[in-house]
Amino acid sequence: MPEGHILHRLARLHQRRFAGAPVAVCSPQGRFAAGAAVVDGQPLVRAEAWGKHLFHRYAHGQIVHVHLGIYGHFTEFQLSEGGVPDPVGQVRMRMIGLNNGSAYGTDLRGPAACEVVDEAQVTDVIARLGPDPLRRDADPALAFKRIAKSRRPIAALLMDQSVLAGVGNVYRSEVLFRHRIDPYRPGTDIGEAEFAAVWADLVTLMNVGLRRGNIVVVRPEDDHGAPAYAPGKPRTYVYRRAGDPCRLCRTTVRTAELEGRNVFWCAACQG
């Protein structure tokens, strides 16, 4: 599932490509046909992200809400003299706009949600989310308040979107390693200063991901040549490195299922 920095990158890209001009919206697959008809031809006012949710706000007040889920993704294309390319695969939503003299389009496939909502429904979505480390208006105290009252493992709490919005499996495993926190420690055992350091690190790491488009979590001084867990994937301390030696102490990295998701850690460094 894409982590929060991907949604913020998409919001910035769609703002740059489409905002301020009318956008043609359709649903080649047909499943979003009624919603597409509502916003088709309207100017896109703003694209923004909150956690793993993307919102397209249109001039007449309608809002398209997208949640990519596990399989959803956008692909971009640039229009040429040959016209609009035929859709490939099951395209839920296609957007085509003209901005700054260059025409672009984007296709959305496989989202968990793609729907037209109103402001009250957006408020309901946001009310269910914790603070987002990539938003300037985020209040980390709200997340700590929920963590400090919970006996659930901190690794589970960091993945709970009602506690923190946008943090996924890579960032949760890596930030816990970077701060030497056992993923099974209950939230009640996490101190306020300790959480503040984790929050600040998430803000930094996720902003790097936002700017670069890649997850960068291994400090240069700790990168001793151990490869990424797969070609084209980020270099990590523990995520997807189960069975490999820890980059710092050479202890075998462990993994286990926690609330339906795999968590990764070094028992020596995070003991």
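What comes next concerns the included structure. Note that the coordinates shown come from a computational prediction; the quantities given were computed from them, not determined experimentally. (Residues numbered from 1 in each chain as written. Predicted model: local features only at pLDDT ≥ 70, side-chain atom pairs only at ≥ 80, totals over all residues. Heavy atoms only, no water.)

A word on the sheet that holds strand S3 (residues 53–58). What the 4 strands build is an open sheet, ordered S2-S3-S4-S8; its pairing is antiparallel. Where the open sheet ends on each side, the last strands, each with one partner, are strand S2 (44–50) and strand S8 (113–117). When strand polarity is set aside, the average angle formed by the axes of neighbouring strands in this sheet is 15°. The strands touched by helix H1 (residues 4–18) within the sheet are S2 and S3, with S2 carrying the most contacts at an inclination of about 170°. (Pairing = 2+ DSSP bridges. Helix = DSSP H or I, 4+ residues; strand = E, 2+ residues; numbered from the N terminus. Axes fitted to C-alpha atoms, helices over the stretch in contact; angles between N-to-C directions. Contact = heavy atoms within 4.5 Å.)

The nonpolar side chains of a soluble globular protein tend to be buried, and buried together. Of all hydrophobic cores here, the largest spans 40 residues; its most connected members are Ile 154, Leu 164, Tyr 171 and Leu 202. When contributions to this core are tallied by element, the ones reaching two or more residues are helix H4 (140–148), helix H5 (154–159), helix H6 (169–178), helix H7 (192–212) and strand S10 (261–265). Take this core: its biggest share by element is 7 residues, from H7. With near-sequence residues (within four places) excluded, Leu 164 lies in contact with Gly 130, Pro 131, Ala 143, Leu 158, Trp 199 and Leu 202. Membership of the second largest hydrophobic core comes to 22 residues, among which are Leu 7, Leu 10, Val 25 and Leu 108. (Core = buried A, V, L, I, M, F, W, Y, C linked by side-chain atoms within 4.5 Å. Buried < 20%, exposed > 50% of the residue type's maximum accessible area, 1.4 Å probe, protein only.)

The full count for this structure, using the stated rule, is 14 salt bridges. Linking Glu 48 and Arg 57 is a salt bridge whose minimum nitrogen-to-oxygen distance equals 2.7 Å. We note a salt bridge from Asp 160 to Arg 152, for which the minimum N-O separation is 2.8 Å. Under the relative-accessibility criterion, Arg 152 is labelled partly exposed at 28%. Put simply, Arg 46, Glu 48, Arg 57 and Glu 119 are held in one network by salt bridges that share partners. (Salt bridge = Lys/Arg side-chain N within 4 Å of Asp/Glu carboxyl O.)

The subject of this paragraph is H1. Compared with the 21 Å implied by 1.5 Å per residue over 15 residues, the 21 Å span of H1 between its first and last C-alpha is a close match. Within H1 the residues assigned to the buried category are Gly 4, His 5, Leu 7, His 8, Leu 10, Ala 11, Leu 13, His 14, Arg 17 and Phe 18. Backbone geometry just after H1 places Gly 20 at a positive phi near 90°. (Expected span 1.5 Å × (residues − 1).)

Attention now goes to a positive patch on the surface. Together, Arg 9, Arg 12, Arg 16, Arg 136, Arg 211 and Arg 212 give the surface a local cluster of positive charge. Sorting the residues of the positive patch by element identifies H1 and H7 as the ones contributing at least two each. Element by element, the count of residues in the positive patch is highest for H1, at 3 residues. With respect to the helices, strands and loops of the structure, Arg 16 is situated in helix H1. For Arg 16, a relative accessible area of 48% gives the class partly exposed. (Patch = residues over 30% accessible without salt bridge, like charges linked within 9 Å, V, L, I, M, F, W, Y side chains within 5 Å. Areas by Shrake-Rupley, 256 points an atom, 1.4 Å probe, with all protein chains shown as cover. Lys, Arg positive; Asp, Glu negative; His and termini not counted. Charge placed at Lys NZ, Arg CZ, Asp CG, Glu CD.)

Turning our attention to H4. Among the residues of H4, Ala 143, Phe 144 and Ile 147 are the ones counted as buried. All buried residues of H4 fall inside an arc of 95° around its axis, so they share one side. Considering only its buried residues, H4 is in contact with H5 and H7. (Arc of directions from axis to C-beta.)

Put simply, H6 and H7 touch, their axes get as near as 10 Å, and they point 130° apart. Considering their axes alone, H6 and H7 lie oblique with respect to each other. Crossing of H6 over H7 shows right-handed handedness. Packed against H6, whose contacting residues are Tyr 171, Val 175 and Arg 178, the element H7 presents Val 198, Asp 201, Leu 202, Leu 205, Met 206 and Gly 209 at the interface. Considering only residue class, the contact of H6 with H7 consists of 6 nonpolar, 1 polar and 2 charged. (Parallel < 35°, antiparallel > 145°, perpendicular 65-115°, else oblique. Left-handed = near helix turned anticlockwise from the far one by under 90°. Nonpolar A, V, L, I, M, F, W, Y, C, P; charged D, E, K, R; others polar.)

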